[in-house]
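What follows is each chain in one-letter form.
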Amino acid sequence: MSPHLPLRDLIAEDLATARRRDPAARSAVEVALTYPGVHALWLYRLAHQMWRTQILRLPARLLSQLARALTGVEIHPGAVLGRRFFIDHGMGVVIGETSVVGDDVLMFHGSTLGGRSMSKGKRHPTVGDRVVIGAGAKVLGPVTLGSDVQVGANAVVVKDVPDGAVVVGVPGRPRHVPARAEDDLIDPAIYI
């Protein structure tokens, strides 16, 4: 994962990322005012800064719950999210406490990085760089998604996934797909 930037620089980068990743984004002002995924990410970034100081953990959790109420996106402040992360549409996205997410990751509405147990310790996924997680997809438990993975809409992933794989179905299974250009991001659900 990339080194930490100051909070204001991360916020500006998040705004630029939303404009770049979403073809419906017409201006920075529109994104800043109307994108709940961006609002949730900004509030997460502040809550995460607070979470790193023990005495501020309760206020960080309260801020994350306010973000959930306002945006429909639940990101635990203990999760670690990389740079240029984008949540498209946002509603129903859940990211658990011990999740670790790389750079340039895209998550669609209704997707979850969740746990499979209530035990302490690492219980949520680790996601590599340049991963796309389709609408309604669930990645559950302390599994690892390699870099450049695409998870299809409504897939349920409970096992590690190697770099570059496209995963679809319940349970999620890698599918072989033809090589594509790096900028040719498509919905992996077409491979179902």
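Structure: see above.
What you see is a predicted model; the values in this text were computed from it and never measured.

Definitions and limits used
Residues numbered from 1 in each chain as written. Predicted model: local features only at pLDDT ≥ 70, side-chain atom pairs only at ≥ 80, totals over all residues. Heavy atoms only, no water. Axes fitted to C-alpha atoms, helices over the stretch in contact; angles between N-to-C directions. Helix = DSSP H or I, 4+ residues; strand = E, 2+ residues; numbered from the N terminus. Parallel < 35°, antiparallel > 145°, perpendicular 65-115°, else oblique. Contact = heavy atoms within 4.5 Å. Nonpolar A, V, L, I, M, F, W, Y, C, P; charged D, E, K, R; others polar. Expected span 1.5 Å × (residues − 1). Buried < 20%, exposed > 50% of the residue type's maximum accessible area, 1.4 Å probe, protein only. Pairing = 2+ DSSP bridges. Left-handed = near helix turned anticlockwise from the far one by under 90°. Salt bridge = Lys/Arg side-chain N within 4 Å of Asp/Glu carboxyl O.

Enquirer: Requested: an account of the packing of helix α3 (residues 36–51) against helix α4 (residues 57–71), with residues and values cited.
Expert: Relative orientation of the contacting elements α3 and α4 amounts to 175 degrees, with a least axis distance of 8 Å. One element, α3, and the other, α4, form an angle in the roughly antiparallel class. On α4, the residues that touch P36, H39, A40, L43, L46, A47, M50 and W51 of α3 are R57, P59, A60, R61, L63, A67 and T71. Looking at the contact of α3 with α4 residue by residue, the class counts come to eleven nonpolar, two polar and two charged.

Enquirer: Now, about α3: what can you tell me, with residues and values included?
Expert: Helical geometry note: an α-helix holds 3.6 residues per turn, so side chains three or four residues apart project in the same direction. Compared with an ideal rise of 1.5 Å per residue, which puts 16 residues at 22 Å, α3 spans 22 Å between its outermost C-alpha atoms and is within 8% of the ideal. Within the sequence span of α3, burial applies to G37, V38, A40, L41, W42, Y44, R45, A47, H48, M50 and W51. On the buried face of α3, the contacting elements are α1 (7–21), α2 (28–34), α4, β1 (74–75), β2 (80–81) and β3 (86–88).

Enquirer: Tell me about the sheet that holds strand β8 (residues 126–127), and please be specific about residues and values.
Expert: Pairing within the open sheet is parallel, and its four strands lie in the order β2-β5-β8-β11. At either margin of the open sheet sits one strand with a lone partner, and together these are β2 and β11 (144–145).

Enquirer: I'd like a rundown of the packing of α1 against α3, residues and numbers included.
Expert: How two helices sit against one another is set out by the angle between their axes and by the gap between those axes. Axis separation between α1 and α3 bottoms out at 10 Å; the angle between their running directions is 160 degrees. If you check the angle between α1 and α3, you find them roughly antiparallel. In terms of crossing hand, the pair formed by α1 and α3 is right-handed. Facing α1, whose interface residues are L7, L10, I11, D14, L15 and A18, α3 presents V38, L41, W42, R45, L46 and Q49.

Enquirer: So, the pattern of salt bridges: which residues are in play, and what are the values?
Expert: As enumerated under the stated definition, the model contains eight salt bridges in all. For E30, the salt bridge goes to R26, with nearest N and O atoms at 3.1 Å. The structure contains a network of salt bridges with shared partners spanning E13, R83, R84 and D104.

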